[in-house]
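Each chain, letter by letter, is given below.
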Amino acid sequence: MEPRSFSKAIKIPVWKEAMVKEMAALKANNTWITSDLPPGMTGARVSSFPLEQQLKLRSTDGSPLSDPTPYRCLIGHLIYLIVTHPDISYAVNNLSQFMKSPHTTHINAANRVLLYRKKSIGKGLFLFDSSSLHITGFSGSDWERCPTSRRSTSEYYTLLGSSPFS
């Protein structure tokens, strides 16, 4: 039986060894870099939604950022976070379209995603180990939703028993 928490897993030698190897690999490949919240964000109010509702970002909104590196770094971190927090996937997908030439409105929207995550710390997908093998799927789409590319957007949600996966 697999442990259901870190405190239980760390007491089992095989699991502890696997965690140590994983952390070493993340550090060796520079894929695990922690970063501080942007200045002024630690005491900021949290957000109930990742993006403002009905917000349609465009590539020309706001003024260009003098250094796009922090924006690109932030979006990279958020893309990694999507794996266990699919609730931000639409927002991050939308924001990642502006990595070539980000503007002030894009970084403000990305910071809002951070404020949303700040509110929902400790929340994520819970995968059950005793689910049935019944697959259920839901999907939706929005015709020409993206104002930049005029393409449709779609989303999906898939369950294996009672556990979500993609």
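Before reading further, recall that the structure is shown in the block above.
As the structure is a computational prediction, the values presented were derived from the model and not from experiment.

Asker: Looking at this structure, I do not really get the overall build of the protein chain. What am I missing?
Answerer: Helix and strand counts for the protein chain stand at five helices and three strands. When the accessible surface of the protein chain is split by element, carbon and sulfur atoms take 58% of a total near 11900 Å².

Asker: Is there a simple way to think about helix α4 (residues 89-96) in this case?
Answerer: In an α-helix, one full turn covers 3.6 residues, which means residues spaced three or four apart are oriented alike. Those residues of α4 that sit buried are Ala91, Val92, Asn94 and Leu95. On an axial view of α4, the arc spanned by its buried residues comes to 160°, and they lie on one face. Where α4 is buried, its residues meet α3 (69-81) and α5 (104-119).

Asker: Would you mind showing me how to read α3 here?
Answerer: End to end, α3 covers 18 Å across 13 residues, agreeing with the expected 18 Å (1.5 Å per residue, within 8%). By the burial criterion, the buried members of α3 are Tyr71, Leu74, Ile75 and Leu78. Projected down its long axis, α3 shows its buried positions confined to an angular sector of 95°, all on one face. Looking at the packing, one finds that the buried side of α3 touches α4 and α5.

Asker: Got a minute to help me understand a nonpolar patch on the surface in this structure?
Answerer: Together, Ile12, Val14 and Trp15 give the surface a local cluster of nonpolar side chains, amounting to about 270 Å² of exposed area. Positionally, tryptophan 15 belongs in helix α2 (residues 13-28).

Asker: Is there a simple way to explain the nonpolar core in this structure?
Answerer: Where a protein is soluble and globular, its nonpolar side chains tend to be buried together. Within the largest apolar cluster, 17 residues are counted, with the highest numbers of intra-cluster contacts made by Tyr71, Leu78, Leu95 and Val113. Among the secondary structure elements, those contributing two or more residues to this core are α3, α4 and α5. No other element matches α5, which puts six residues into this core.

Asker: Looking at this structure, I do not really get the side chain of histidine 103. What am I missing?
Answerer: Looking at the secondary structure, you find histidine 103 in the loop between α4 and α5. Polar contacts involving the side chain of histidine 103 include one to the main-chain carbonyl oxygen of serine 59, which spans 3.3 Å.

Asker: Looking at this structure, how should I read the packing of α3 against α5?
Answerer: Relative orientation and spacing of two packed helices are given, respectively, by the angle between their axes and the distance between those axes. The interhelical angle for the contact between α3 and α5, taken along N-to-C directions, is 40°, at an axis separation of 11 Å. Viewed along their axes, α3 and α5 adopt a mutual orientation that is oblique. Judged by the twist between their axes, the crossing of α3 over α5 is left-handed. Of α5, the residues touching α3 (which contributes Tyr71, Leu74, Ile75, Leu78 and Leu81) are His106, Ile107, Ala110, Asn111, Val113, Leu114 and Arg117. In terms of residue class, the contact of α3 with α5 is made up of nine nonpolar, two polar and one charged.

Asker: Whenever I open this one, the environment of arginine 117 confuses me. Can you help?
Answerer: Note on placement: arginine 117 falls in helix α5. Taking the C-alpha atoms as reference, arginine 117 lies 8.2 Å from valine 46; in sequence the two are 71 residues apart.

Asker: Can you walk me through the packing of α3 against α4 in this structure?
Answerer: Across the interface, α3 lies against α4 with an axial gap of 10 Å and an inter-helix angle of 150°. Our pair here, α3 against α4, has a crossing hand that is left-handed. Contacts between α3 and α4 involve Tyr71, Ile75, Leu78 and Ile79 from the former and Val92, Leu95 and Ser96 from the latter. When the residues that make up the contact of α3 with α4 are grouped by side-chain class, the tally is six nonpolar, one polar and no charged.

What counts, and at which threshold
- Residues numbered from 1 in each chain as written.
- Predicted model: local features only at pLDDT ≥ 70, side-chain atom pairs only at ≥ 80, totals over all residues.
- Heavy atoms only, no water.
- Helix = DSSP H or I, 4+ residues; strand = E, 2+ residues; numbered from the N terminus.
- Areas by Shrake-Rupley, 256 points an atom, 1.4 Å probe, with all protein chains shown as cover.
- Buried < 20%, exposed > 50% of the residue type's maximum accessible area, 1.4 Å probe, protein only.
- Arc of directions from axis to C-beta.
- Contact = heavy atoms within 4.5 Å.
- Expected span 1.5 Å × (residues − 1).
- Patch = residues over 30% accessible without salt bridge, like charges linked within 9 Å, V, L, I, M, F, W, Y side chains within 5 Å.
- Salt bridge = Lys/Arg side-chain N within 4 Å of Asp/Glu carboxyl O.
- Core = buried A, V, L, I, M, F, W, Y, C linked by side-chain atoms within 4.5 Å.
- Polar contact = N/O pair within 3.5 Å; in protein donor to acceptor, adjacent residues only side chain to side chain.
- Axes fitted to C-alpha atoms, helices over the stretch in contact; angles between N-to-C directions.
- Parallel < 35°, antiparallel > 145°, perpendicular 65-115°, else oblique.
- Left-handed = near helix turned anticlockwise from the far one by under 90°.
- Nonpolar A, V, L, I, M, F, W, Y, C, P; charged D, E, K, R; others polar.

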